Amino acid sequence: MKRITIEPVSRIEGHAKITIQLDDAGQVTDTQFQVTQVRGFEKFTEGRPYYEMPGITSRICGICPISHQLAASKACDAIMAVRIPRTAQLLREIIHCAQIVQSHALSFFYLSAPDLLLGMDSDPATRNVAGLIEANPELARAGIELRKFGLQVIEGLADERVHPAWIVPGGVRSPMTAPARDRFLAAIPQAMATTEKTLGIFKGMLDSFAEEIANFGSEPTMYAGMVDHAGNLQLYDGVMRFRAADGTIVQDVAAENYHEFVAEATVENSYLKAPFYRPLGYPQGIYRVGPLGRINTAEAMGTPRADAELGEFRQRFGRVAHSSFLYHYARLIEVLYALECMKLLLQEPDVLDPHVRASAGVNALEGVGMIEAPRGTLIHHYKVDENGAIVWANLIVATGHNNRAISDGVRQVSEHFIHGDRLQEGMLNRVSALVRAYDPCLSCSTHAMGTPALDISLVDRKGALLDRIRS
Amino acid sequence: MKKLKLATVWLDGCSGCHMSLLDLDGAIIPIVRKVDIVYGPLVDAQEFPEDVDVTLLEGAISTQEDVEKLQQIRSRTKLLVSLGDCAVTGNVSGMRNGIPVNKLLQQIYVDGADLGGCIPGDGLPQLAKQARPAQDFVKVDICLPGCPPPNKVIAGFLNNLLDGRKPETNAKVKFG
Ligand code: SF4
């Protein structure tokens, strides 16, 4: 029996390690997906004033700081027991859309496109964004521009791109100016065109990835994501809907009741906890979130271009699609959705209103904030004392929900692609590519960021190392 | 001309410093053409190579494994740069430093779990008592503070280096 370890898993956002165990005949018998870092935000925020939480938890993740700021601020809004001004909500939704665009663009163009466009088996030395710039400068540049568009909206509203201090308990710090709005609106058509073109290229490649589609974590699971009263996809506010693998609606959960339905399991071999649907237990109650989870859960996107794409997607893959490879596809559809939403929000008549912040003190000793981060449902839950000092905090982050599904997917993809006692780089890259499809943000998941990397080891039955590939 | 070998490393940080590097947007293209990115989150290199010209290090040092990585990086790098406040001072990563590690893990994995309730350890790096800055362990040649350092500072640093000028580090620098 042999064991393969992939450490670090490369081109993902965090620290992970994969171990694959083989029997004497070279068949996969066991796999482990391990997240190898922890930072302790829940504990060290104890005693801090609640209004510092957006600024501190932002530092969980530099890729989606806006998500943590929003979830934290929503939890703080609940502690203050305020309804934030309508314009503040519009502006929070706009910056959230911008973040979805930049984060999805990073995942697609910078991290996964090298596998998709240069090939899973291409030379690892150039299978990266620099290689993409050489091989396909036009597309690489378009991807860079798309990410830049999202970040320019963030910077235009909030002054800084990473960790701005603009989203605050009670609303946002400053209103949007008319020139800023006009600038954002003027840039949307180009961003839409890039996204549509990329979707076209991606759809054109689907046939050549038939084997990956069939074997990349394609086991059915439940899905979850936020929806509005009509069942349309929501990113900023709504209920968390659980949908079964066969398409039936299981449960709609309001943010403040999450704990009745979402439980967390600790696993011995990973710093990443595994949430599950409490009524079904673990592991029966596993579910997937993120782009694929959301488009499976929602009835519709609610914007015309994204709905047209969703219709085509469902025609190809059914009402509920299970292959994790399709996360890429869902991610591109969501970029379209976020751009369409952003345009509608920017055109709202009161979007320039100067009243953007409600003020209040501590009016409730507990608050939950829930949003759809780029990688899935994000929950911040705080308890405070009368002075507003945090006495307890719990954070459930997007990638956590997918923990068990990623582990199961690693097993499936390994069983399919890995045979024998020699490691071939291309087959190991497929294992990594499965993980990349989820776009896991392991810094968020463990509230730790580590070297985004993969380490695959092959060991024999007694645990002796036979072969190892690291990146 | 021989291309400059650049590595980027991400230890106990949030990746925001790496994002600030990517925030050079299109300006990164001419830089990428002049360097070889030999290691880091964006590429598939297997191991930290020998003879690296410049390493940008993000994040604090939080586990014994981090310390070992850092020592290897130092021994294989000509110019070691602490990129961002976590690498320079410990910053937010160091906010846990006053709390005993077992208490921290207990709260997250035992009190904060509904099932399992064990502290993970199997095949995982153990958390060090404190998250500390890189220069507590090795010589750091240049510090670029900021949380994250502004993209202009990173661009200025890299372009100076590529043009053979002495890296200027005091300009436009801020903590936080
Ligand atoms: S310095 Fe700031 S941006 Fe950089 S890793 Fe640390 S928290 Fe993130």
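The shown structure was predicted, so the numbers you read here are calculated from the model rather than taken from an experiment.

Asker: Explain the overall build of chain B here, please?
Answerer: Scanning chain B from N- to C-terminus turns up 6 helices and 7 strands. Overall, chain B shows an N-to-C arrangement of helices and strands of β-α-α-β-β-β-α-β-α-α-β-β-α. In terms of overall dimensions, chain B is globule-like: its C-alpha atoms have a radius of gyration of 17 Å, near the 16 Å expected for 176 residues. Along the first, second and third principal axes, the C-alpha set of chain B runs to 55 × 35 × 30 Å. Looking at chain B as a whole, 57% of its 176 residues are labelled buried. Intrachain contacts of chain B at a sequence separation of at least 6 include 80% that bridge at least 24 residues. Carbon together with sulfur atoms contributes 53% to the accessible area of chain B, which is approximately 7200 Å² in total.

Asker: Sorry if this is basic, but what is going on with the interface of chain A and chain B here?
Answerer: The figure often quoted for interface size is the accessible area lost as the parts come together. Counting from both sides, the interface comprises 75 residues of chain A and, opposite them, 59 residues of chain B. Applying the counting rule to chain A against chain B returns 4 salt bridges. Summed over the shared surface of chain A and chain B, the number is 8 residue pairs in polar contact (both at pLDDT 80 or more). With 6 residues, the single largest contributor to the side of chain A that touches chain B is helix α6 (residues 137-158) of chain A. By residue class, the composition of the side of chain A that touches chain B is 32 nonpolar, 19 polar and 24 charged.

Asker: Any chance you could explain the site of the ligand here in plain terms?
Answerer: Near the ligand there are 14 residues, and of these Arg59(A), Cys14(B), Cys17(B), Cys86(B) and Cys147(B) occur at the shortest range. The ligand sits at a junction of chains, with neighbouring residues supplied by chains A and B. At the level of secondary structure, the elements contributing two or more residues to the shell around the ligand comprise α1 (16-22) and α4 (85-89) of chain B. Within the shell around the ligand, the residues separate by chemical class into 5 nonpolar, 6 polar and 3 charged.

Asker: Before we go on, may I ask you to explain the environment of Leu70(A) in this structure?
Answerer: Residues and elements named next belong to chain A. Among the structural elements, Leu70 can be located in helix α3 (residues 65-80). What makes Leu70 buried here is its relative accessible area of 0%. For Leu70 and Arg161, which are 91 residues apart along the polypeptide, the C-alpha to C-alpha distance reads 15 Å. Ignoring anything within four residues of it in the chain, the contact list for Leu70 reads Arg92, His96, Ile167, Tyr236 and Ile371.

Conventions and cut-offs
Residues numbered from 1 in each chain as written. Chains lettered and ligands numbered in written order. Predicted model: local features only at pLDDT ≥ 70, side-chain atom pairs only at ≥ 80, totals over all residues. Heavy atoms only, no water. Helix = DSSP H or I, 4+ residues; strand = E, 2+ residues; numbered from the N terminus. Rg over C-alpha atoms; globule rule 2.2 N^0.38 Å. Buried < 20%, exposed > 50% of the residue type's maximum accessible area, 1.4 Å probe, protein only. Contact = heavy atoms within 4.5 Å. Areas by Shrake-Rupley, 256 points an atom, 1.4 Å probe, with all protein chains shown as cover. Salt bridge = Lys/Arg side-chain N within 4 Å of Asp/Glu carboxyl O. Polar contact = N/O pair within 3.5 Å; in protein donor to acceptor, adjacent residues only side chain to side chain. Nonpolar A, V, L, I, M, F, W, Y, C, P; charged D, E, K, R; others polar. Near = heavy atom within 4 Å.

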